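Chain by chain, the residues:
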Amino acid sequence: MFAQNEPFGPGGVSLPQGGPLYLQLKRVIEDAVASGAIRPGDALPSERDLALKAAVSRVTVRKAVQHLVRDGLLVQRHGSGTFVAPQPARVEQSLSQLTSFTEDMARRGMEVRSVLLDSGISHPSPEETMALGLSPGVRVARVARLRLCGGNPLAIERAAVSADLLPDPADIGSSLYAHLEKSGHRPVRAIQRIRATNLDPADAALLEIAPGSAALHIERVGYLASGRVVEFTRSVYRGDTYDFVAELRVGEGAQP
Ligand code: 16G
């Protein structure tokens, strides 16, 4: 509920001057979110009410709202209305430690949850055969998970492991690394490749952000102490919540 003096309270909404009306209304809504006058999870008044309060047409309201949904500031839930989108805290992750998602989040005291999207044993793709160094005829175990932190979807991780090291991909429980550790197959070293990407509609829907939103595409190849590759994981992390942090040191030769 909004009080009398709040931007969408019982009084009218005054628009700033200049530019198309829908952009003026968009600015009012953005400012209300930025100032905390309306918070993540709050419902926006109905299209009809907003049109009346701001003295604009419903077409103008619809256009402002559509732009804000596209920008990820608002979310529309079918049948229940338009809400301010959740604004998860950014997560910082060191690039020098080989840790699991579960350990990373537990260290921060954040609640971790995973939704199993898919798992099974299959014929490997040429890319998986190459990355995992599989011999002909060897199968691959795949586990795809949506990973949530503090209730917010943060990443989709699609892991591929040689099936002889992970014969039971549906039974990994809450942590792939903890499961691999039990059989002595937890990676001890990894190479990670990170690039920018834009989310396709299916991944965007799982991560609850607009299609095309910026994300980080991460590939991790994890090795056993023997040098054998154990894990080839491709992930997409929400670009608005995840920061990778690397410590850089001056190289020997460059020191004064
Ligand atoms: C991390 C790894 C992922 C690994 C997972 C295991 C990145 C980008 N990815 O999320 O490759 O499979 O940890 O986590 O860091 P788990 O043991 O919690 O399942």
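Throughout what follows, the structure given in this document is the object of discussion.

Thresholds applied
- Residues numbered from 1 in each chain as written.
- Predicted model: local features only at pLDDT ≥ 70, side-chain atom pairs only at ≥ 80, totals over all residues.
- Heavy atoms only, no water.
- Helix = DSSP H or I, 4+ residues; strand = E, 2+ residues; numbered from the N terminus.
- Contact = heavy atoms within 4.5 Å.
- Axes fitted to C-alpha atoms, helices over the stretch in contact; angles between N-to-C directions.
- Parallel < 35°, antiparallel > 145°, perpendicular 65-115°, else oblique.
- Left-handed = near helix turned anticlockwise from the far one by under 90°.
- Nonpolar A, V, L, I, M, F, W, Y, C, P; charged D, E, K, R; others polar.
- Near = heavy atom within 4 Å.
- Polar contact = N/O pair within 3.5 Å; in protein donor to acceptor, adjacent residues only side chain to side chain.
- Areas by Shrake-Rupley, 256 points an atom, 1.4 Å probe, with all protein chains shown as cover.
- Pairing = 2+ DSSP bridges.
- Salt bridge = Lys/Arg side-chain N within 4 Å of Asp/Glu carboxyl O.
- Buried < 20%, exposed > 50% of the residue type's maximum accessible area, 1.4 Å probe, protein only.

**Concerning the side chain of Asp203**
Looking at the secondary structure, you find Asp203 in helix H7 (residues 201-207). Setting aside chain neighbours within four positions, we find Asp203 in contact with Ile156, Arg158 and Val236.

**Regarding the packing of helix H1 (residues 21-34) against helix H3 (residues 58-71)**
Packing of H1 against H3 brings their axes to within 8 Å, and their N-to-C directions diverge by 55 degrees. Of the possible angle classes, the one that applies to H1 and H3 is oblique. The two elements H1 and H3 cross, and the hand of that crossing is right-handed. Packed against H1, whose contacting residues are Leu21, Tyr22, Leu25, Lys26, Ile29 and Glu30, the element H3 presents Thr60, Val61, Lys63, Ala64, His67, Leu68 and Asp71 at the interface. Grouping the amino acids of the contact of H1 with H3 by side-chain chemistry returns 7 nonpolar, 2 polar and 4 charged.

**Some points on the site of the ligand**
Residues in close proximity to the ligand total 15 residues, the closest being Thr102, Glu157, Ser175, Arg220 and Glu231. The separation between an oxygen atom of the ligand and a polar side-chain atom of Thr102 is 2.3 Å. In this structure, Glu157 approaches the ligand through a side-chain N or O atom, which is 2.4 Å from an oxygen atom. Protein burial of the ligand: of its 450 Å² of free accessible surface, 99% is covered by the chains. Elements represented by at least two residues in the shell around the ligand include exactly helix H4 (101-107), strand S5 (140-149), helix H6 (176-182), strand S8 (214-223) and strand S9 (229-238).

**Focus: the sheet that holds S9**
Within a sheet, each strand pairs with its neighbour through backbone hydrogen bonds, oriented either parallel or antiparallel. One open sheet holds the 6 strands; their spatial order is S4-S5-S6-S9-S8-S7, and the pairing between them is antiparallel. Where the open sheet ends on each side, the last strands, each with one partner, are strand S4 (112-122) and strand S7 (189-198). In this sheet, neighbouring strand axes are inclined to one another by 15 degrees on average, regardless of whether the strands run parallel or antiparallel. Relative to S9, strand S6 (residues 152-162) is paired through 6 bridges, and the arrangement is antiparallel.

**With respect to the pattern of salt bridges**
Going through the model one piece at a time under the given rule, you end up with 13 salt bridges. For Arg228, the salt bridge identified is with Asp164, shortest N-O distance 3.1 Å. In this pair, Arg228 sits in the loop between S8 and S9 while Asp164 sits in the loop between S6 and H6, placing the two residues 64 residues apart along the sequence. Relative accessible area serves as the criterion here: at 33%, Arg228 is assigned to the partly exposed category. If you follow the salt bridges from partner to partner, you end up with Glu127, Glu128, Arg142 and Arg234 in one network.

**Brief notes about unusual backbone geometry**
In this model, Ala55 sits at a positive phi of 55 degrees, which is unusual for a non-glycine residue. Mapped onto the elements of the fold, Ala55 is located in the loop between helix H2 (47-54) and H3. A relative accessible area of 67% places Ala55 in the exposed class. Phi at Glu208 is positive, roughly 60 degrees, even though this residue is not glycine. With respect to the helices, strands and loops of the structure, Glu208 is situated in the loop between H7 and S8. In this structure Glu208 comes out as exposed when scored by relative accessible area, which is 53%.

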